[in-house]
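Structure at a glance
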Amino acid sequence: QVHVVESGGGLVQPGGSLRLSCAASGTIFSINAMGWYRQAPGKQRDVVATITRRGSTNYQDSVKGRFTISRDNAKNTVYLQMNSLKPEDTAVYYCNVEIFGPTGWGDYWGQGTQVTVSS
């Protein structure tokens with residue numbers, strides 16, 4: 001069984017920073033891509049940033065230059081460093097991980113962590 005758990009959300013003022021973490025645990029043979037998505041109230045879930053096993057990254061245009069995604073393959077963990085936060089970054093942030101386990105490849109989501117940017 002595989003679990004994916006996010007942490008690090010909270011309330012921050014505009015211009016502030018937060019660091020999200022997402023750890024995968026359980027019977028894991030390999031992890032491919034890892035990514036962060038977000039969903040604001042009344043909107044669809046959108047990709048924020050993704051990173052391959054080898055470290056290639058992609059970002060949503062609105063976060064380029066402000067957010068940085070990274071991963072620690074030894075810890076099965078992905079991070080999202082968010083700087084210069086804006087009110088429009090407010091959303092529930094979800095982690096997505098492509099995991100190869102006992103039943104083959106699967107797409108796993110965390111439970112989400114709330115990020116609120118407000119003064």
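Attention here is on the structure that accompanies the text. Please read all numbers here as calculations on a predicted model, not as lab measurements.

**Things to note about the overall build of the protein**
Secondary structure assignment for the protein yields zero helices and 11 strands. The C-alpha radius of gyration of the protein comes to 14 Å, within 12% of the 14 Å expected for a compact globule of 119 residues. With respect to the principal axes defined by its C-alpha atoms, the protein has extents near 45 × 25 × 20 Å. Expressed as a percentage of the 119 residues in the protein, the buried residues total 38%. Counting only contacts in the protein whose residues sit at least 6 apart along the sequence, the fraction spanning at least 24 positions is 55%. Counting only carbon and sulfur atoms, one obtains 46% of the accessible surface of the protein, whose full area is about 6,400 Å². Across the protein, 11 positive and 8 negative side-chain charges occur, with their mean positions spaced 5 Å apart.

**Some thoughts on the pattern of salt bridges**
According to the stated counting rule, one finds three salt bridges in the structure shown. The residue Arg38 makes a salt bridge to Asp89 at a minimum N-O spacing of 3.0 Å. With Arg38 in strand 4 (residues 30–39) and Asp89 in the loop between strand 8 (77–82) and strand 9 (91–101), this pair connects stretches of sequence that are 51 residues apart. One salt bridge connects Asp61 with Lys64, and the closest N-O pair in it is separated by 3.0 Å.

Thresholds applied
Residues numbered from 1 in each chain as written. Predicted model: local features only at pLDDT ≥ 70, side-chain atom pairs only at ≥ 80, totals over all residues. Heavy atoms only, no water. Helix = DSSP H or I, 4+ residues; strand = E, 2+ residues; numbered from the N terminus. Rg over C-alpha atoms; globule rule 2.2 N^0.38 Å. Buried < 20%, exposed > 50% of the residue type's maximum accessible area, 1.4 Å probe, protein only. Contact = heavy atoms within 4.5 Å. Areas by Shrake-Rupley, 256 points an atom, 1.4 Å probe, with all protein chains shown as cover. Lys, Arg positive; Asp, Glu negative; His and termini not counted. Charge placed at Lys NZ, Arg CZ, Asp CG, Glu CD. Salt bridge = Lys/Arg side-chain N within 4 Å of Asp/Glu carboxyl O.

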